[in-house]
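# Analysis of the macromolecular model
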Amino acid sequence: MYGPIVIEMELDRQNRTSRGLVLCDRDGVIIEDRPAFVRSRSDVVLLPGAAEALVWARNEGLSVMIISNQSGIGRGIVSEREVVAIHCELVESLNRIGAAIIGSLICPHAPQVNCECRKPSPRMLTDAIAKCGCTPEQTVFVGDSREDMQAAVGAAVTPILVETGRGRKEALSVSEDPELSEVRVVPDIGAAVRWVCEAVLRHPARWP
């Protein structure tokens, strides 16, 4: 079964770029992770520097899509309507200040459903790449969990683990997994965007 929630944002054509694609998780990467799930707008707290990093990504000609597991829907903890409303408000607020988040794919299923969209399945990542007309070589995935990194490797994109959210705790298990030997560990999403500029776009980063 494959059935993610697809959210596409209306951006001007000039904001849809092809220099590269940054796929990223949401909770623990852009906003604070909540063990009991993000259930309301008051639960949404941007991580330090995250908004600036996303604006910087746009200024460097990169597009961003969010790939998120939100099993609180499937568990009956929060409604799909509320999750979508919270998510859209977050993305719209980021785009208003200059980010270029062009869409999101959200898996609503509980783990026991064994769907094809829930990470570590790479299916949402490969779907996002196809929607953007990019290639895996032009794409990175920024996440804070082992499952995120497994999805990135499965989609043949560059895997970047941030130490925010669950990342610091997950770094050891990631480093011990031979299938994840190519994972790059960085402090936060700002450092991830900086690495993309320097290693993928091949020019010095222009943001602290």
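Everything in this summary refers to the structure shown in the same document. Predicted model, so just to flag it, every value in this text is computed and none were measured.

Further remarks concern the layout of surface pockets. Estimated volume of the largest pocket: approximately 400 Å³. The wall of the largest pocket is formed by 19 residues, among which D33, F37, N69, R118 and R166 lie closest to the centre. Secondary structure elements with two or more residues in the lining of the largest pocket: β3 (62-69) and α4 (146-154). Counted by class, the lining of the largest pocket contains three nonpolar, five polar and 11 charged residues.

Below, the discussion takes up the side chain of D27. Looking at where D27 falls in the secondary structure, it is placed in the loop between β2 (20-24) and α1 (50-59). Side-chain polar atoms of D27 contact the side chain of R26, separated by 2.6 Å. Of note is the side chain of D27, whose polar atom sits 3.2 Å from the side chain of Q70. With near-sequence residues (within four places) excluded, D27 lies in contact with D33, V38, Q70 and D144.

A word on the pattern of salt bridges. In the structure shown here, the tally under the stated rule is eight salt bridges. One salt bridge connects D27 with R26, and the closest N-O pair in it is separated by 2.6 Å. Residue class for D27 comes out buried when judged on its relative accessible area of 12%. The class for R26 is buried, based on a relative accessible area of 2%. When salt bridges with common partners are traced through the structure, they connect D25, K119 and D148 into a single cluster.

The rules we used
- All chains use their own residue numbering, which begins from 1 and follows the written sequence.
- The model is predicted, so local features are restricted to residues of pLDDT at least 70 and side-chain atom pairs to those at 80 or more, both for listing and for counting; the totals for chains, interfaces and linings are taken over all residues.
- Hydrogens are left out, water is left out, and the side-chain values use all remaining heavy atoms of the structure.
- Detection works on a 1 Å grid of protein atoms alone, calling trapped sets that fit a 1.4 Å probe cavities and calling open sets with protein on both sides within 12 Å along at least five of seven lines pockets, with lining residues defined by an atom within 4 Å of a point.
- Grid points are joined across faces, edges and corners, and a volume is the space filled by probe spheres set on the points.
- Helical segments are the DSSP runs of H or I of at least four residues, strand segments are the runs of E of at least two, and each set is numbered from the N terminus.
- Residues were grouped as follows: Ala, Val, Leu, Ile, Met, Phe, Trp, Tyr, Cys and Pro as nonpolar; Asp, Glu, Lys and Arg as charged; and all remaining residues, including Gly, as polar.
- Contacts described as polar in this section are N or O atom pairs within 3.5 Å, which, within protein, must combine one atom able to donate a hydrogen with one able to accept it, while residues neighboring in sequence count only if both atoms come from side chains.
- Contact definition: two residues touch when any of their heavy atoms are within 4.5 Å.
- Here a salt bridge means any side-chain nitrogen of Lys or Arg lying within 4 Å of a carboxyl oxygen belonging to Asp or Glu.
- Each residue's exposure class comes from its accessible area (1.4 Å probe, protein chains only) as a fraction of the maximum for that residue type: buried when under 20%, exposed when over 50%, partly exposed otherwise.

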